[in-house]
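# Notes for the structure review
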Amino acid sequence: MTPVIDSILTVMLIILALMVLLCLIKAIIGPRVGDRLVCVNMMGTLVIVIICILAIKMKEGYLVDISIIYAMISFLAVVIFCKVYMGAFLQKKAESEKKEDEANGND
Amino acid sequence: METINMICQIAGIVFLFLAMLVFVFQIVGIFRYKFLLNKMHVAGMGDTLALFLAAIGLILLSGFNMTSVKLALVFVFMWFTSPTSSHLIAGMEVLTDKTVKNHVDVQVDNVEAFVDGREGRK
Amino acid sequence: MSFKSWINGEEDLLLNNLKTTRREDDHVKPLLTDEEKKSENSKVLNKIYNVEDNRRLKRFDKTYRVVAIVFCVLLAAAMLFTISYLPKVGDPDTPANSSVVSERYIESGLQETGATNIVTGMILTYRAFDTFGETNVLFIATVCVMVLLMLDEKILEKLDKTSDRIYEPDYDPILTLAAKVLCPIILLFGIYIVLNGQLSPGGGFSGGAILGAAMILYNAAMGFGKTQRFFNENIYKVAKITALCMYGLIGTYFYITGANGIDNMIPLGTVGAILSGGIILPIDIAVGIEVACTMYAFYALFRRGGL
């Protein structure tokens, strides 16, 4: 690991950190739930690449284990969130349809 | 041996820069596109490509040892999970967005049953 | 009797006991329909707050955003400033590396515990009593959540028909395939981290969290019905209590023999092998089971109200 490569990796880490910041800003702005989820998913990917570059830069192989765990947790978050949100949305829709049916039936 | 090492490291840095470029495209796409499925397309496709490039770059930089095998494992894992989460987000979006038919041509009549997988089950 | 009917408005005592009948509500026309009410409400709100013309409100809105951004930037700057004072990795002059206790851990930890990972060796042998308390905290936390959220079987059956879980897509072919492929790998990885606690970073707590996450993923993809085939309430109770008792017994044995200078029956083994480290490996397994059960139980209790 020459010092040149080391400094190049440092610059890359800084650029990636700025990208994570931009993603966070977009996740705060994002008007819909889907926008936020896409941004959060992408932040997970960026953080995984950051951890992998750190593992190579510091020559600590065990950091890669952490990135496996991070990938798993971010995937799990997206899965659970999507399922719960879809369930709640469909329940609301079914209830409003039921109310409309009742209103129509009374007329 | 020295020259091979040198070439490997330069190639690794080049691959990492390409991955960085794809990430920049992703950020631009997320900010520029108005419709969510476009954003999701950019983010999801970019994820897999950038991870592929970054994996090759990092493995070339580290050389062949236990760390590189683990790195390959991470990226294979991400190739499974990233498209799956993109699929889930797209399903959620098509289900919850009422104006989705203004943007794309939805070819399924009953979206709920399609997202539920009931159509594939019969 | 007549007083009551007067109160109810059926009879008028003053007008020669005139019988009156109530008007049927169906014929009464409401003064305002719902939409008119809404528009009236919004008119009133507009008059009160006057969102478009109220300068103070606008100014407050703008300053609030600016102040929020400035506050976030200042907070980030303060944290980065603090980070620059953190010691470098492997610096021998830090308090963590130079105090008397940690010197002893570093110098003779490998000899006494047989674990190459100093942290696990420390928290599971020298400070095993402390870690036992932590495991008990996990146990008590799940007990409290169960007391608050656990529902009866009959209520659960009723709830299963009305809650939002029946609406969520329960068969997603892509997610199901991904879970089928990934769950065994994640479980294997968790077991690897639990068993390698004394050799590499990890141990019972992190490995147990991974095992729990794998179970949550399987549950999200397949539903509660399939998960209950291999992990239901009875298995949960047995696993959790057995793990806690196992930790207690091993810890007690270790403390009695170690504190009184009696020879310990558990061999330390060769350093670096999987079966090494004396009591660290069984305690790691117990802690791993405990943490996995806690993770999954929290998810199941908050999602469904039962395991």
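Below: a short report on this structure. All figures in this text were calculated on a predicted structure; none of them were measured in a lab. (Residues numbered from 1 in each chain as written. Chains lettered and ligands numbered in written order. Predicted model: local features only at pLDDT ≥ 70, side-chain atom pairs only at ≥ 80, totals over all residues. Heavy atoms only, no water.)

### Here's the deal with the interface of chain B and chain A
Quick note on the threshold: Only heavy atoms enter the contact rule, under which two residues are in contact if any of them lie within 4.5 Å. The buried area of a pairing is the accessible area, by a 1.4 Å probe, that goes missing from both parts when the two are put together, added over both. Definition used for salt bridges: Asp or Glu carboxyl oxygen within 4 Å of a side-chain nitrogen of Lys or Arg. Whenever a nitrogen or oxygen atom comes within 3.5 Å of another N or O atom, the pair is scored as a polar contact, on the condition that within protein one atom can donate a hydrogen and the other can accept it, and that pairs from neighbouring residues in sequence are kept only if both atoms are in side chains. Only runs of H or I of at least four residues qualify as helices and only runs of E of at least two qualify as strands under DSSP, and these elements are numbered from the N terminus. We call Asp, Glu, Lys and Arg charged. Ala, Val, Leu, Ile, Met, Phe, Trp, Tyr, Cys and Pro are nonpolar, and the rest, Gly among them, are polar.
Taken residue by residue, the interface counts 41 residues in chain B and 45 residues in chain A. Of the roughly 4,100 Å² buried between chain B and chain A, counting both surfaces, carbon and sulfur atoms make up 83%. Linking chain B to chain A there are three salt bridges. Between B:Lys39 and A:Asp35 there is a salt bridge, and its shortest N-O distance comes to 2.3 Å. Linking chain B with chain A are five residue pairs in polar contact (both at pLDDT 80 or more), by the criterion used here. Ranked by the residues each element gives to the side of chain B that touches chain A, the list is headed by helix H3 (residues 66–96) of chain B, at 17 residues. Among the residues making up the side of chain B that touches chain A, the classes are represented as 27 nonpolar, eight polar and six charged.

### A word on the interface of chain B and chain C
It is common to give the size of an interface as the accessible area lost on bringing the parts into contact. Across the contact, 10 residues belong to chain B and 11 residues belong to chain C. In this assembly, chain B packs against chain C so that about 1,000 Å² is buried in total across both faces, 72% of it on carbon and sulfur atoms. Across the contact surface, chain B and chain C share zero salt bridges. Put simply, chain B and chain C have zero residue pairs in polar contact (both at pLDDT 80 or more) between them. Counting residues per element, the ones that place at least two in the side of chain B that touches chain C are H3 and helix H5 (111–116) of chain B. Of the residues belonging to the side of chain B that touches chain C, the class tally is four nonpolar, four polar and two charged.

### As for the layout of surface pockets
Keep this limit in mind: Cavities and pockets were defined on a 1 Å grid built over protein atoms only: a cavity is a set of grid points that admits a 1.4 Å probe from which the probe cannot escape, a pocket is an open set flanked by protein on both sides within 12 Å along at least five of seven lines, and lining residues are those with an atom within 4 Å of any such point. Grid points are joined across faces, edges and corners, and a volume is the space filled by probe spheres set on the points.
If you add up the space inside the largest pocket, you get close to 700 Å³. What lines the largest pocket is a set of 16 residues, and nearest its centre among them are A:Leu21, A:Leu24, A:Ile25, A:Ile28 and C:Cys72. Those elements that provide at least two residues to the lining of the largest pocket are helix H1 (3–29) of chain A together with helix H3 (55–83) of chain C. Here the residues of the lining of the largest pocket are counted per class, giving 15 nonpolar, no polar and one charged.

### Considering a negative patch on the surface
Residue and element names in this part refer to chain A. Our working definition: Patch definition: residues with relative accessible area over 30% and no salt bridge; like charges joined within 9 Å; nonpolar side chains (Val, Leu, Ile, Met, Phe, Trp, Tyr) joined within 5 Å. Per-residue and other accessible areas follow the Shrake-Rupley method at a 1.4 Å probe size, with only the shown protein chains counted as cover for residues. Under this rule, positive means Lys or Arg and negative means Asp or Glu; His and the chain ends count for nothing. A charge is said to be at NZ when it belongs to Lys, at CZ for Arg, at CG for Asp and at CD for Glu. Categorising residues by exposure relies on relative accessible area from a 1.4 Å probe, with only protein chains included: less than 20% of the type maximum marks a residue as buried, more than 50% marks it as exposed, and the intermediate range marks it as partly exposed.
A cluster of like negative charges, contributed by Glu 97, Glu 100, Asp 101 and Glu 102, occupies part of the molecular surface. Take Glu 100: it is sitting in helix H3 (residues 63–106). Looking at Glu 100, the relative accessible area reads 53%, which means it is exposed.

### Observations concerning the nonpolar core
Which entries qualify depends on this criterion: Buried residues of nine kinds, namely Ala, Val, Leu, Ile, Met, Phe, Trp, Tyr and Cys, make up a nonpolar core once their side-chain atoms join them within 4.5 Å.
A:Leu16, A:Leu46, A:Ile53, B:Leu16, B:Leu58, C:Ile186 and C:Tyr296 are the most contacted members of the largest nonpolar core, which totals 97 residues. For this core, the element with the highest residue contribution is helix H2 (residues 33–58) of chain A, accounting for 15 residues. Contacts of A:Ile53, omitting those with residues within four sequence positions, involve A:Leu9, A:Leu13, A:Leu16, B:Leu16 and B:Leu58. In terms of nonpolar packing, the next biggest core, distinct from the first, is built from 12 residues, C:Ile250, C:Ala286, C:Val287 and C:Val291 among them.

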